[in-house]
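Architecture and fold: a report
Given next are the chains, with one letter for each unit.
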Amino acid sequence: MSLVDKVVKRMIVTSFFGDGWGDKETYSKLLSLRSVYQDRQLLHKNYYSDSQLSVKQMKGGSKHLTSFEGRFESPLANTGILPEESRYCRFHLHLPADFNPSTRVCLLFAPTGDHSFWRRYRFLSYPLAREYGIGSVVVENPFYGSRKPKNQTRSGIRQVSDLFTMGSALILEGGFLLNWLQDEHGFSSLGISGVSLGGHNASLTAAVYQRPLATIPCLSWSTAAHTFSDGIISGQLYVECAERST
């Protein structure tokens with residue numbers, strides 16, 4: 001473990017997986033979704049087009065951006081594995097003031113611990129729009145922000161299965177938003193990105209999306225296992241609780 005990782009690890013006070021692995025039924029439902037993800041046409045037909053989306057323009061902001069906020073029911077909402085608090089996906093759409101259908105737009109998924117829209121807006125959305133003319137969609141994770149379950153403290157998801165549920169929901173929500181941008185508003189140059197956990201979820205979403213998509217995962221990898229087993233979060237796990245629930 002690097003010196004930077006050791007310093008960051010000491011700053012983490014949130015604990016994870018206090019309620020163990022989660023129930024077997026949740027895992028069965030998650031596994032059944034794998035066959036859906038492998039069929040892009042079925043995914044597009046059954047999960048990317050059913051939800052009703054509401055959106056309105058945000059007041060204030062910057063002269064360089066036109067901003068909107070919206071929400072829609074998560075395509076995972078009726079499976080019984082998503083908490084009621086996470087049922088609706090919230091997002092902010094930031095576009096250059098002179099946007100048009102040829103404007104490039106990128107989805108931005110949240111890293112671990114990012115419960116707000118402000119951080120990604122300040123460090124990604126604003127400079128992308130002002131300096132490069134690129135729009136962005138800042139998505140709120142399930143189990144984060146206003147979608148955080150009442151029994152959860154900060155980012156400390158209660159069950160291991162919650163982590164997989166979060167990823168599954170973001171795959172569907174991300175695909176739905178990408179289709180909405182292209183089919184409803186004509187944006188054809190689309191991308192998806194995120195840092196750390198956000199980069200991992202961006203990669204998962206891009207892997208099953210049915211259309212060409214620029215994919216830019218940052219500080220990410222194909223698995224988060226190392227982070228939890230002996231990385232910076234390893235000291236924050238309720239190992240005994242997880243062992244008792246096996």
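Before any of the text, the structure's been laid out above.
Numbering of residues starts from 1 in each chain and follows the order in which that chain's sequence is written. Only residues with pLDDT of at least 70 are given local features in this predicted model, and only at 80 or more are side-chain atom pairs given and counted; all residues enter the totals for whole chains, interfaces and linings. Excluding hydrogens and water, the side-chain figures rest on all heavy atoms present in the structure.

This next bit is on the side chain of threonine 165. Here threonine 165 shows up in helix α5 (residues 160–185). Not counting chain neighbours up to four residues away, the residues in contact with threonine 165 comprise Thr26, Leu30, Leu76, Ile81, Leu82 and Phe143. Numbering of helices and strands runs from the N terminus; a helix is a DSSP stretch of H or I covering at least four residues, while a strand is a stretch of E covering at least two. In this description, contact between two residues means that some pair of their heavy atoms is separated by no more than 4.5 Å.

With that out of the way, let us pick up the pattern of salt bridges. Any carboxyl oxygen of Asp or Glu within 4 Å of a side-chain nitrogen of Lys or Arg constitutes a salt bridge here. Evaluation of the coordinates by the stated rule reveals nine salt bridges. In this structure, the salt-bridge partner of glutamate 84 is arginine 87, at a minimum N-O distance of 3.8 Å. We call a residue buried when its accessible area falls under 20% of the maximum for its residue type, exposed when it is over 50%, and partly exposed in between, using a 1.4 Å probe and counting protein chains only. You can call arginine 87 buried: its relative accessible area is 17%. For arginine 147, the salt bridge goes to glutamate 173, with nearest N and O atoms at 2.8 Å.

So, on to the side chain of asparagine 201. Mapped onto the elements of the fold, asparagine 201 is located in helix α6 (residues 197–208). Once residues lying within four places of it in the same chain are set aside, the contact partners of asparagine 201 are Phe109, Gly167 and Leu170.

Another aspect to go through is the sheet that holds strand β6 (residues 190–195). The seven strands lie next to each other as β1-β2-β3-β5-β4-β6-β7, forming an open sheet whose pairing is mixed. Since the sheet does not close on itself, it has two edges, and those belong to β1 (53–57) and β7 (214–218), each with one partner. Here the average twist between neighbouring strands, direction ignored, is 20°. Strand pairing is defined by DSSP finding a minimum of two bridges between the two strands. Across five bridges, the pairing between β1 and strand β2 (residues 65–73) is antiparallel. The partner of valine 55 across the bridge, within β2, is glycine 70. Relative to β6, α6 is tilted by about 145°, and along the sheet it contacts β4 (105–109), β6 and β7. Simply put, an axis is a line fit to the C-alpha atoms, just over the touching stretch for a helix, and the angle between two N-to-C directions goes from 0 to 180 degrees.

Positive phi outside glycine occurs at phenylalanine 143, with the angle close to 70°. Non-glycine residue leucine 219 carries a positive phi angle of around 50°.

Next up on the list: the pairing of strand β3 (residues 88–96). Across the nine residues of β3, seven count as buried, placing the element largely inside the fold. Where β3 meets strand β5 (residues 135–139), four bridges bridge the pair, whose relative direction is antiparallel. Opposite phenylalanine 91, over in β5, you have valine 139 as the bridge partner.

Let us look at α5. By definition here, a helix of n residues has an expected span of 1.5 Å times n minus one. Over its 26 residues, α5 runs 37 Å from end to end, which matches the ideal 38 Å to within 8%, given 1.5 Å per residue. Of all 26 residues in α5, 20 are buried; the element is thus mostly enclosed.

Our focus in this paragraph is the pairing of β6. In terms of burial, β6 is largely enclosed, as five of its six residues are buried. When β4 meets β6, the two strands line up parallel, connected through five bridges. When the bridges of β6 are listed, leucine 108 appears paired with serine 193. With five bridges connecting them, β6 and β7 associate as parallel partners. In the strand pairing of β7, valine 195 is matched with cysteine 218.

Take the packing of aromatic side chains next. Here a Phe, Tyr or Trp ring, Trp counted by its six-membered ring, pairs with any other such ring whose centre lies within 6.5 Å, and the pair is stacked when the planes are under 30 degrees apart, edge-to-face when over 60, and tilted otherwise. Under the criterion given, the structure shown has six aromatic pairs. Ring centres 6.1 Å apart and planes at 85° place the aromatic pair tryptophan 118 and phenylalanine 123 in the edge-to-face group. Judged by its relative accessible area of 53%, tryptophan 118 falls in the exposed class. With a relative accessible area of 55%, phenylalanine 123 lands in the exposed category. Among the aromatic side chains, those forming a connected cluster through ring pairs are Phe72, Phe91, Phe176 and Trp180.

So, about the packing of α5 against α6. Close contact between α5 and α6 brings their axes to 9 Å; oriented N to C, the two are set at 55°. Taken together, the axes of α5 and α6 lie oblique to each other. Considering how the two elements wind past one another, α5 and α6 form a crossing that is right-handed. Across the interface between the two elements, Met166, Gly167, Leu170, Ile171, Gly174 and Gly175 from α5 touch Leu197, Asn201, Leu204, Thr205 and Val208 from α6. The scheme is simple: roughly parallel for angles under 35 degrees, roughly antiparallel for over 145, roughly perpendicular for 65 to 115, oblique for anything else. A clockwise turn of the near helix away from the far one marks a right-handed crossing, whereas an anticlockwise turn of less than a right angle marks a left-handed crossing.

The values reported here are purely geometric and, on their own, carry no functional implication.
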